[in-house]
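Now for the letters of each chain:
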Amino acid sequence: MSIDNSIVKKISKLSKLKIKSDSEDKMAEELNNILNWVESLQEVNTEKVEPLLSVLNEKMPLRDDKVVMDDNQVDILNNAPEKKSGFFVVPKVVE
Amino acid sequence: MKNLIKGKSNLWEVVLGLEVHAQISSKSKLFSSASTEYGSEPNSQVTLVDAGMPGALPVINEYCIRQAVITGLGLNAKINKKSVFDRKNYFYPDLPQGYQISQFQHPIVGEGFLTIKTEEGEKKIGITRLHLEQDAGKSIHDQDFENTFIDLNRSGCALMEIVSEPDMRSGLEAAEYLKKLRTILQYVGSCDGNMEKGNLRADVNVSVRIPGEKLGTRCEIKNVNSIKFIQQAITFEAERQIKLLESGEQIVQETRLFDPNKLETRTMRNKEESHDYRYFPDPDLPPLILEDSLIDDLKKNLPELPDKKKERFINLYKLKEYDAEVLVSEKDVSIFFEELVKGREPKLVVSWLTGELFAFLNKKNVSLAESKVTVKKIADLIDLISDGTLSNRQAKEVFEVYLEGSKTAKELISEKGMAQISDEKELSNLIVSVLDENEDMVKDYKSGKDRLFGFFVGQVMKLSRGKANPQMVNKILIEKLKR
């Protein structure tokens, strides 16, 4: 797989990161280097190997269905740049 | 073939699939111990996990896992012993993590089915999958001109997304599917099915084709939040697509929004703008492995499902199929019925439940549970009808006052002077005095004027001011006139 500038633009849009247009070439090159490096893994024969679902070799820890929390509305809203009547306030988003 | 829609030049078949989001009735959220209570102060039920704070780690709620499995069992579905949680990445202000924890390639529940009733008989609707995921917060757009308000109380609540196969062919079938699904969720207890509160939400995939041809391009209609709206949205959308195709245009695959005021659907976002979610396994969560013992345990304790219960009602209480269907379609109602029918005549119980009580609930626009009507309350009234104290007609007259008031049935009817006279001696006295006053008529009757019988009954009723038990009056009158 090879990454060109249009893919770089798409990724930057999806990740909401601004990339100056004069650094797109550099970014594409760096991303291609990473992909090429990882690509060498493709050489391993995995025909009879079950796909690994996770690298964490542990069981999923479970929790009882209990409400354990204090009302921390104040704390939660503390970092909000703007808030009103207990709500976060953000610029209008309309679908 | 039924259900075809007539266009200008062709008959069209509409093909429908549903994606239903059902909120699990758990006390705490899927990956955090915040409360799920509805209608609390905004942002008062938000832990660091729900607010997407860096470093806050999700821990899964075991109860939610059990509910997903039990729902899968209720849908005759394959339970996947190994499932994986993935991150579905997108940016939206009510999604503080920047991704939703969901299940993509390895859902907890695989293929299943449920059956619905159609005019042509029973029909199987395939279930593709059921998976667990987090709900997003709530965006409120209409409080302010320039801003959107965000409440994260719902952020992280547990949802089951239940995806159907494109097996439905009319709005009615889609409605039946959703009703049946809701009933099953209520029976297994995993979701209360309340669409008004948004605890059950449906997206509908609509496409049309000429019968026998391959599937057409589909549009997804988002968040249609009542069964009535689903049917309206489908009707509009199918006609829109048919018009486009018949005028030589193409359907663009897109997400559309139903507007219940204008009864139309409109573009929300098309495929090109649609998100590229870049799913990948959530590194915070190892795969979920279900023990056989858990699945077996849930299988053993699976509650009786609506189809089974219906069959049992028909056999045990000799109900008509229609009545049984009505009674089992709401779990509350079916339980109410079984309590009420103990030691009582099923026919009478059904007619009072599905007739008078349902009419009362409809009029008040409340559910059985909300109405707080108790089994005892209805039972007391039915018992007074059964023992002849009250006629059906009288009971109907007082029904609403009775249900809304705190008086017992006996108190109410004695207060209204309503009790039916069923005492044989008292009735005898009334009848004798009527016969004494009309000696000539009695002679005429005995000489063959049978029609006069009705006259005597009428006189007795009049004398008793309508309270005499008509069946008993008939019986006693026949005896008296014989002599």
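Bear in mind that the values here come from a model prediction, so they are computed numbers and not experimental data.

Thresholds applied
Numbers given for residues are sequential positions, taken from 1 along each chain in its written order. Think of it this way: whatever chain is written first is A, whatever ligand is written first is 1, and the rest follow in order. Where local features are concerned, this predicted model is filtered to residues with pLDDT of at least 70; where side-chain atom pairs are given and counted, the filter is 80 or more; whole-chain, interface and lining totals use all residues. Excluding hydrogens and water, the side-chain figures rest on all heavy atoms present in the structure. Helical segments are the DSSP runs of H or I of at least four residues, strand segments are the runs of E of at least two, and each set is numbered from the N terminus. Just to be clear, the radius of gyration here is over C-alpha atoms, and the globule rule we use is 2.2 Å times residues to the power 0.38. In this tally Asp and Glu are treated as negative and Lys and Arg as positive; neither His nor the chain ends contributes. The atoms used to mark charge sites are NZ of Lys, CZ of Arg, CG of Asp and CD of Glu. In this analysis, axes come from line fits to C-alpha atoms, helices being fitted only over the stretch in contact, and the angle between any two N-to-C directions falls in the range 0 to 180 degrees. When the near helix sits turned anticlockwise from the far one by under a right angle, the crossing is termed left-handed; a clockwise turn instead gives a right-handed crossing. Residues are treated as being in contact if the distance between any of their heavy atoms lies within 4.5 Å. Note that Gly is not counted as nonpolar here; it falls among the polar residues with everything else outside the nonpolar set of Ala, Val, Leu, Ile, Met, Phe, Trp, Tyr, Cys and Pro and the charged set of Asp, Glu, Lys and Arg. Residue ranges labeled as domains rest on an automatic or database domain assignment. Take a side-chain nitrogen of Lys or Arg and a carboxyl oxygen of Asp or Glu: if they are within 4 Å of each other, that pair is a salt bridge. Should DSSP find at least two bridges between two strands, the strands are taken to pair. Burial classes: relative accessible area under 20% of the type maximum marks a residue as buried, over 50% as exposed, and values in between as partly exposed (1.4 Å probe, protein chains only). Note on aromatic pairs: the rings of Phe, Tyr and Trp (six-membered ring only in Trp) are paired at centre separations within 6.5 Å, and the planes decide the class, stacked below 30 degrees, edge-to-face beyond 60, tilted for the rest. Patch members must show over 30% relative accessible area and no salt bridge, and they are joined within 9 Å when carrying like charges or within 5 Å when they are nonpolar side chains of Val, Leu, Ile, Met, Phe, Trp or Tyr. Residue exposure ignores everything except the shown protein chains as possible cover, and the areas themselves are Shrake-Rupley values with a 1.4 Å probe. Helix span is expected to be 1.5 Å times the residue number reduced by one. The quantity called bend is, for any residue, the angle between two axes fitted respectively to the seven residues ending at it and the seven beginning at it. The set of buried Ala, Val, Leu, Ile, Met, Phe, Trp, Tyr and Cys residues whose side-chain atoms join them within 4.5 Å is what this entry labels a nonpolar core.

Caption draft 1: Up close: the overall build of chain B. A tally of helices and strands in chain B yields 16 helices and 17 strands. For chain B, whose C-alpha radius of gyration is 30 Å, the value lies well above the compact-globule estimate of 23 Å for 483 residues. Dimensions of chain B, computed from C-alpha atoms along their principal axes, come out at roughly 100 × 60 × 55 Å. Between the mean site of the 70 positive side-chain charges and the mean site of the 75 negative ones, chain B shows a separation of 5 Å.

Caption draft 2: Fine view of the packing of helix 14 (residues 439-446) of chain B against helix 15 (residues 452-463) of chain B. All names here are of chain B. Here helix 14 crosses helix 15 at 145°, and the two axes come no closer than 10 Å. Helix 15 is crossed by helix 14, and the crossing has left-handed handedness. Contact residues: helix 14 offers M441, V442, D444 and Y445, while helix 15 offers L452, F453, F455 and F456. When the residues that make up the contact of helix 14 with helix 15 are grouped by side-chain class, the tally is seven nonpolar, no polar and one charged.

Caption draft 3: Summary view of the domain arrangement of chain B. Domain boundaries in chain B define domain 1 (4-296), domain 2 (310-416) and domain 3 (424-482). Computed over C-alpha atoms only, the centres of domain 1 of chain B and domain 3 of chain B are separated by 68 Å.

Caption draft 4: Quick peek at the interface of chain B and chain A. Taken together, the contacts link 55 residues of chain B with 38 residues of chain A. Across the chain B-chain A interface, the total number found is two salt bridges. Elements supplying a minimum of two residues to the side of chain B that touches chain A: strand 3 (60-61), helix 1 (62-74), strand 10 (147-151) and strand 15 (264-270) of chain B. Top contributing element to the side of chain B that touches chain A by residue count: strand 10 of chain B, with five residues. Residues of the side of chain B that touches chain A, tallied by class, amount to 29 nonpolar, 14 polar and 12 charged. Of the pairings in the sheet, the one linking strand 1 (residues 62-63) of chain A to strand 3 of chain B comprises two bridges and is parallel in character. Looking at strand 3 of chain B, one finds that L62 of chain A is bridged to I60 of chain B.

Caption draft 5: Layout of unusual backbone geometry. Residues and elements named next belong to chain B. With a phi angle near 45°, R278 is a residue other than glycine that sits in the positive phi range. Relative to the helices and strands, R278 resides in the loop between strand 15 and strand 16 (280-281). The class for R278 is partly exposed, based on a relative accessible area of 34%. Positive phi is not limited to glycine here, since K318 has a value of about 55°. Along the chain, K318 falls in the loop between helix 5 (306-317) and helix 6 (321-328).

Caption draft 6: Quick peek at the packing of aromatic side chains. All names here are of chain B. Overall, the coordinates contain 14 aromatic pairs over all chains when judged by the stated rule. A centroid spacing of 5.6 Å and a plane angle of 70° characterise the contact between F313 and Y317, whose relative ring orientation is edge-to-face. Of this pair, F313 and Y317 are both found in helix 5, four residues apart, which corresponds to roughly one turn of the helix. Ring centres of W352 and F399 lie 5.3 Å apart, and the angle between their planes is 55°; on these two criteria the pair is classed as tilted.

Caption draft 7: Fine view of the sheet that holds strand 6 (residues 99-102) of chain B. As summarised here, the arrangement of the three strands in space is 6-5-16 (chain B), forming an open sheet in which the pairing is antiparallel. A single partner strand is all that each edge strand has here, and the edge strands are strand 6 and strand 16 of chain B.

Caption draft 8: Layout of a nonpolar patch on the surface. Judged by side-chain polarity, I34, W37, V38, L41 and V44 of chain A come together as a nonpolar surface patch covering roughly 560 Å² of accessible area. Position of I34 of chain A among the secondary structure elements: in helix 2 (residues 24-39).

Caption draft 9: Seen up close, helix 11 (residues 392-404) of chain B. All names here are of chain B. Taking 1.5 Å of rise per residue, the 13 residues of helix 11 would be expected to cover 18 Å, and the 19 Å separating its terminal C-alpha atoms lies within 8% of that figure. Within helix 11, the axis deviates most sharply at V398, by approximately 50°. Q394, A395, V398, F399, Y402 and L403 are the residues of helix 11 that are buried. Against the buried residues of helix 11 lie helix 8 (346-364), helix 10 (375-386) and helix 12 (409-415).

Caption draft 10: Representation of the side chain of K377 of chain B within the structure. Here K377 of chain B lies in helix 10. In contact with K377 of chain B, other than residues within four places in its own chain, are Y402, L403, G405, S406 and K407 of chain B.

Caption draft 11: Broad picture of a negative patch on the surface. Residues and elements named next belong to chain B. A surface patch of like charges, here negative, comprises D436, E437, E439, D440 and D444. Within the residue set of the negative patch, elements represented by two or more residues are helix 13 (424-437) and helix 14. At three residues, helix 14 tops the list of elements feeding residues into the negative patch. Looking at the element boundaries, E437 is found in helix 13.

Caption draft 12: Region of the structure containing helix 2 (residues 171-188) of chain B. Residues and elements named next belong to chain B. Taking 1.5 Å per residue, 18 residues should reach 26 Å; helix 2 reaches 26 Å between its end C-alpha atoms and fits that length. The buried fraction of helix 2 amounts to 15 of the 18 residues, a majority that puts the element mostly inside the structure. Looking at the residues trailing helix 2, positive phi occurs at G189, about 85°.

Caption draft 13: Local environment of the side chain of N147 of chain B. One can find N147 of chain B in strand 10. We classify N147 of chain B as buried; its relative accessible area is 17%.

Caption draft 14: Structural detail: the sheet that holds strand 2 (residues 83-84) of chain A. Pairing in this open sheet of four strands is antiparallel, and the strands run 2(A)-3(A)-10(B)-9(B) from one edge to the other. A single partner strand is all that each edge strand has here, and the edge strands are strand 2 of chain A together with strand 9 (138-140) of chain B. Relative to strand 3 (residues 87-91) of chain A, strand 2 of chain A runs antiparallel, the two being bridged by two bridges. For K84 of chain A, the partnering residue across the bridge sits in strand 3 of chain A and is F87 of chain A.

Caption draft 15: Spotlight on the nonpolar core. Residues and elements named next belong to chain B. Ranked by internal contacts, the top residues of the largest apolar core, which has 103 residues, are I108, Y177, F337 and L357. Tallying contributions element by element places helix 2 first for this core, with nine residues. Each of domain 1 (4-296) and domain 2 (310-416) accounts for three or more of the residues forming this core. Not counting residues up to four positions away in its chain, the partners in contact with L357 are F336, W352, L368, V373, I378, F399 and L403.

Caption draft 16: Representation of the pattern of salt bridges. Residue and element names in this part refer to chain B. Under the defined criterion, the tally for this structure stands at 36 salt bridges over all chains. A salt bridge links K222 to E220; the nearest nitrogen and oxygen atoms lie 3.5 Å apart. When sorted by exposure, K222 lands in the same class as E220, which is buried. Between E400 and K364 there is a salt bridge, and its shortest N-O distance comes to 3.3 Å. Within this pair, whereas E400 is found in helix 11, its partner K364 is found in helix 8, the two being separated by 36 residues in sequence.

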